[in-house]
Structure formats: structure tokens, C-alpha cells
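If you want the building blocks of each chain, they are given just below.
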Amino acid sequence: MEKLAREQNISRIIAMEERISKCTRCVLQRGCVYRPATGKGDLKPEILLVFHSEGNGNDRKKIMDIRQLIKKHFILDKVYHTFAVRCQPKSCTHLDNLNCFSSKCLVDQEQTCRVTRAVCEGIPIMPGDIEIISCLHYLIEEIDILSPQIVVLFGDRTSYFTLKAYGLLDSIITPSLYMINGRHVLATVEADQFTSQDAKELVSYLHSEHAV
Ligand code: SF4
């Protein structure tokens with residue numbers, strides 16, 4: 001049964017990732033992103049972590065450290081992480097100075113820019129509200145496919161928009177616990193501020209069952 005569920009999840013996630021790789025909803029953002037970020041981890045997860053985007057303190061090492069903290073304090077093994085926004089926006093003077101418009105991707109797999117022929121110098125910036133709203137439906141679909149018992153939302157904006165998508169319109173308090181479709185959804189601090197103490201606090205919220 002477990003094997004069948006995992007196989008079904010794999011094919012649904014692959015189909016979704018194919019759509020994400022071809023997505024051009026945010027034309028300007030896609031110019032500096034070779035491939036939109038996709039989720040990683042166990043495809044029958046007990047817990048699913050949501051970061052706002054790749055970059056802005058969510059580098060690979062930070063994410064791996066958070067995954068370890070979560071495994072240790074929640075005492076579970078099957079972790080999956082993903083992003084609210086798949087294409088990390090960048091600030092780029094070369095792009096701003098282009099006097100022609102292109103909807104094509106301007107960087108290659110090695111992050112070499114087709115405009116400057118040098119390694120991309122774009123500086124990661126926080127995704128805007130429009131980018132989060134445009135991309136959020138992939139996250140909701142991913143949560144629906146993987147159906148984890150627990151979801152952790154990192155940072156106020158990720159929490160605010162994700163909870164809004166589920167119809168929770170009140171202001172967000174962090175840390176806090178929400179019950180959504182029988183699932184425990186925890187809102188916490190930004191990934192770059194997340195510590196062992198925050199992980200402990202989330203566990204105690206989870207066990208208190210004191211949902212907002
Ligand atoms: S950020 Fe999301 S919605 Fe926008 S182009 Fe990338 S994948 Fe598409």
C-alpha cells in the first residue's frame with residue numbers, strides 16, 4: 001500500500017514538475033532562472049517544510065541544517081522541503097539596462113549570462129506579492145499530492161500567503177498552529193533565524209494541539 005502510494009506520488013509530482021519547468025507566468029523572473037526550484041525529499045513525507053524561495057538565506061546548507069533540526073526534535077525521518085516561489089528573483093543592472101525585451105531564459109545551466117557572457121551577478125531579492133500569488137498554486141497542489149501530517153511554513157510572508165490560500169484571513173502570529181483539512185500547519189520564523197529553540201517550540205505547539 002505504502003509502495004503504491006509512493007509510486008502514485010512520484011508520477012503526480014513528476015507531472016507537476018514538468019509544468020513548473022515550462023512555466024513562464026513571471027516573465028521577468030524567468031529570464032534569470034535556468035530552472036525553477038522544485039521540492040526535494042521523501043515522497044511520502046511525515047513533514048513538509050515550506051521556504052519562501054531559494055536564496056535570501058535559504059541556501060542549501062541552511063536548508064540541510066534545518067532538516068536535521070526538524071528530524072531531531074520532531075523525532076521523524078521522512079522530510080520533504082519545497083518553496084512558495086520557484087523562481088528566485090534577482091536584482092540585475094544588466095537586465096535593467098537592456099533596451100530590448102526578451103522572454104527567453106538568459107542564463108545557462110552553469111549560470112553564465114547570455115548578455116554579459118560572465119557568471120550571473122544578479123543579487124537575490126525577496127519575491128514580491130505578485131510572484132508569491134502567481135506561484136502559490138503549485139505549493140497547494142504539492143501539499144495535496146504528498147499529503148503530509150505536518151506542514152511548517154517559514155517566515156511571515158510564506159505563512160501569510162499560504163494560510164490565506166486556505167481561507168485563513170486573520171493576521172498571522174508566529175509561532176502558531178493551524179488545523180487545515182485535518183493537517184497540522186505550523187507557522188514559524190524566517191529560515192535564516194530558525195534555531196534549535198524554535199524547533200523545540202514548534203514541537204510543544206504541536207503537542208499542545210492548541211490550534212488558532
Ligand atoms: S515563480 Fe512560479 S509562477 Fe512565476 S514563472 Fe516561476 S514557476 Fe512560474
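In the block above lies the structure referred to throughout.
So, here is what we can say about the structure in this document. What you see is a predicted model; the values in this text were computed from it and never measured. (Residues numbered from 1 in each chain as written. Predicted model: local features only at pLDDT ≥ 70, side-chain atom pairs only at ≥ 80, totals over all residues. Heavy atoms only, no water.)

Regarding unusual backbone geometry
- Note that the residue after threonine 174, namely proline 175, is joined by a cis bond; omega there is -5°.
- Secondary-structure assignment places proline 175 in the loop between α6 (156-165) and β7 (176-180).
- One non-glycine residue, glutamine 111, adopts positive backbone phi at about 70°.
- Summarising the element assignment, glutamine 111 is placed in the loop between α4 (93-97) and β5 (123-124).
- For glutamine 111, a relative accessible area of 30% corresponds to the partly exposed category. (Helix = DSSP H or I, 4+ residues; strand = E, 2+ residues; numbered from the N terminus. Buried < 20%, exposed > 50% of the residue type's maximum accessible area, 1.4 Å probe, protein only.)

Quick look at the site of the ligand
- Around the ligand sit Cys23, Arg25, Cys26, Gln29, Arg30, Val85, Arg86, Cys87, Ser134 and Cys135, and that is every residue in its neighbourhood.
- Residue assignment for the shell around the ligand shows that the elements contributing at least two residues are α2 (27-30) and α5 (129-146).
- By residue class, the composition of the shell around the ligand is five nonpolar, two polar and three charged. (Near = heavy atom within 4 Å. Nonpolar A, V, L, I, M, F, W, Y, C, P; charged D, E, K, R; others polar.)

So, helix α3 (residues 60-74)
- Helix length check: α3 (15 residues) gives 21 Å between terminal C-alpha atoms against 21 Å at 1.5 Å per residue, within 8%.
- Along α3, the residues classified as buried are Ile63, Ile66, Arg67, Leu69, Ile70, His73 and Phe74. Take α3 and look down its axis: the buried residues cluster within an arc of 165°, on one side only. Those residues of α3 that are exposed and angled more than 90 degrees off the buried face are Arg60, Lys61 and Lys72.
- The inward-facing, buried residues of α3 contact β1 (40-41), β2 (47-51), β3 (79-83), β6 (150-154), β8 (183-188) and α7 (196-208). (Expected span 1.5 Å × (residues − 1). Arc of directions from axis to C-beta. Contact = heavy atoms within 4.5 Å.)

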